[in-house]
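# Secondary and tertiary structure notes
Residues per chain, in single letters:
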Amino acid sequence: MPTSVVNITVHGIGPTSRPLDPGEENTWVSVEQFERALDAAVGRDDVRITFDDGNASDLEIGLPRLVERGLKAHFFVLAGEFGKPGRLDVDGVRELRRAGMSVGSHGWAHRDWRKLTDTEAEREIGEANRVIGDITGEPVKEVAIPFGSYDRVVLTRLRRAGMRLVYTSDGGRARAGQWLQARNSLRHDLDDAWVQQVFNGKASPIVQARRMVARRVKQLRGAS
């Protein structure tokens, strides 16, 4: 059992079948780039693969390539986007589960959880979890925070919702079993050097310190 892990995040793969939100193209990768990252993960028990946003490419492109390599992944889907153009539908989510993949929540409508009222948070966290749980037949215990945007209020809501693991976008390696799991997003400029650095490299002490401070600031902000 590794003491630390590398979590990577896939957002979209291949040709786009819907208009992308501003900046979304930065984390949309080609099929070849995606396969390059998967090939680097084969045989590695310290690499976890996650998918955000519930894009149709998760099922159409991602799933068969995972299965070919004997890999598992965690898919974090948007409960309020099922069946919309370019998104997963309910049957697609069930197909992911039948293939042995994990399914968790990315919220309802891809909103910044730091900007929610209590009522809005109930839909984004509580209702989204219930809808996804009804589809998969099991309670949702893992979430990925949209945009990696969190503070003390968000973390408190997630703890009260009974989340077992919470995935962020903080970058770097994560301690295995830690409640907050940092992740590294695949990007449009992904190449062999990026894969080598993220999968095998170790950030400099300065970069590690900056990440640690940034995470601590996020965890404390929002306190009254």
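In this report, the structure presented in the accompanying data block is examined. (Residues numbered from 1 in each chain as written. Predicted model: local features only at pLDDT ≥ 70, side-chain atom pairs only at ≥ 80, totals over all residues. Heavy atoms only, no water.)

### Observations regarding the side chain of N129
Note that N129 resides in helix 4 (residues 118-136). Classification of N129 by relative accessible area gives buried; the value is 11%. In this structure the side chain of N129 is engaged in a polar contact, spanning 3.4 Å, whose partner is the side chain of S105. (Helix = DSSP H or I, 4+ residues; strand = E, 2+ residues; numbered from the N terminus. Buried < 20%, exposed > 50% of the residue type's maximum accessible area, 1.4 Å probe, protein only. Polar contact = N/O pair within 3.5 Å; in protein donor to acceptor, adjacent residues only side chain to side chain.)

### Considering the pattern of salt bridges
Using the criterion set out here, one finds 20 salt bridges in the structure. Within the structure, one salt-bridge network assembled from shared partners comprises E32, R36 and D192. (Salt bridge = Lys/Arg side-chain N within 4 Å of Asp/Glu carboxyl O.)

### Comments concerning the nonpolar core
Counting 38 residues, the largest nonpolar core has F34, I49, F51, L66, L96, L186 and F199 as its most contacted members. Elements represented by at least two residues in this core include exactly strand 1 (4-10), helix 1 (31-41), strand 4 (47-52), helix 2 (56-69), strand 5 (74-77), helix 3 (90-98), helix 4 and helix 6 (192-200). Among all residues touching F199, those that are not within four sequence positions of it are V6, I8, A37, A40, A41, R44, V47, R173 and W194. Residues A121, I125, V154 and L155 belong to the second largest nonpolar core, which totals 14 residues. (Core = buried A, V, L, I, M, F, W, Y, C linked by side-chain atoms within 4.5 Å. Contact = heavy atoms within 4.5 Å.)

### Observations concerning the packing of helix 1 against helix 6
Contact geometry for helix 1 and helix 6: axes closest at 10 Å, N-to-C directions at 35 degrees. The handedness of the crossing between helix 1 and helix 6 comes out as right-handed. Residues R36, A37, A40 and A41 of helix 1 lie in contact with helix 6, whose contacting residues are D192, V195 and F199. Tallied by class, the residues present in the contact of helix 1 with helix 6 amount to five nonpolar, no polar and two charged. (Axes fitted to C-alpha atoms, helices over the stretch in contact; angles between N-to-C directions. Left-handed = near helix turned anticlockwise from the far one by under 90°. Nonpolar A, V, L, I, M, F, W, Y, C, P; charged D, E, K, R; others polar.)

### Remarks on the packing of aromatic side chains
Both the distance between ring centres and the angle between the ring planes are used here to describe each pair of aromatic rings. Inspection of the entire model under this criterion finds three aromatic pairs. Judged by centre distance (6.0 Å) and plane angle (65 degrees), the ring pair of F34 and F51 falls under edge-to-face. Note that F34 is positioned in helix 1 and F51 in strand 4, a separation of 17 residues in sequence. Relative to Y167, the ring of F76 lies with its centre 5.2 Å away and its plane at 50 degrees, an arrangement referred to as tilted. With F76 in strand 5 and Y167 in strand 8 (residues 165-167), this pair connects stretches of sequence that are 91 residues apart. Comparing F76 with Y167 shows no difference in burial state: the two are buried. An aromatic cluster is defined as three or more aromatic residues linked by ring pairs; in this entry it consists of F34, F51 and F75. The aromatic ring of W179 is capped on one face by R159, whose charged end is 3.7 Å from the ring centroid. (Phe/Tyr/Trp six-rings, centres within 6.5 Å; stacked < 30°, edge-to-face > 60°. Lys NZ or Arg CZ within 6 Å of the ring centre and 35° of its normal.)

### A look at the environment of T168
Counting through the fold element by element, T168 comes out in the loop between strand 8 and strand 9 (174-175). Of the polar contacts made by the side chain of T168, one reaches the side chain of D170; its length is 3.1 Å.

### Some thoughts on the layout of surface pockets
Taken as a whole, the second largest pocket spans an internal volume of roughly 320 Å³. Lining the second largest pocket are 17 residues; nearest its centre among them are H11, T27, D53, H110 and F147. Here the lining of the second largest pocket is composed, by residue class, of four nonpolar, eight polar and five charged. (1 Å grid on protein atoms, 1.4 Å probe; cavity = no way out; pocket = protein on both sides within 12 Å on 5 of 7 lines; lining within 4 Å. Points joined across faces, edges and corners; volume = space filled by probe spheres on them.)

### Re the side chain of H106
Secondary-structure assignment places H106 in the loop between strand 6 (102-105) and helix 4. Residue classification places H106 among the buried residues on the basis of a relative accessible area of 1%. At 3.4 Å, the side chain of H106 forms a polar contact with the side chain of H110. Side-chain polar atoms of H106 contact the backbone oxygen of A144, separated by 2.8 Å. Excluding its chain neighbours within four sequence positions, the residues that come into contact with H106 are D52, D53, F76, V77, L78, W113, A144, I145 and P146.

### Some words on helix 4
The terminal C-alpha atoms of helix 4 lie 26 Å apart, and with 19 residues this matches the ideal 27 Å at 1.5 Å per residue to within 8%. Most pronounced at E127, the bend in helix 4 amounts to some 30 degrees. By the burial criterion, the buried members of helix 4 are A121, E124, I125, G126, A128, N129, I132, G133, I135 and T136. On its buried face, helix 4 sits against strand 5, helix 3, strand 6, strand 7 (142-144) and helix 5 (152-160). With its phi angle positive at about 80 degrees, G137 sits one or two positions after the end of helix 4. (Expected span 1.5 Å × (residues − 1). Bend = angle between axes of the 7 residues up to and from the residue.)

In short, the description is geometric, and any link to function would need to be established separately.
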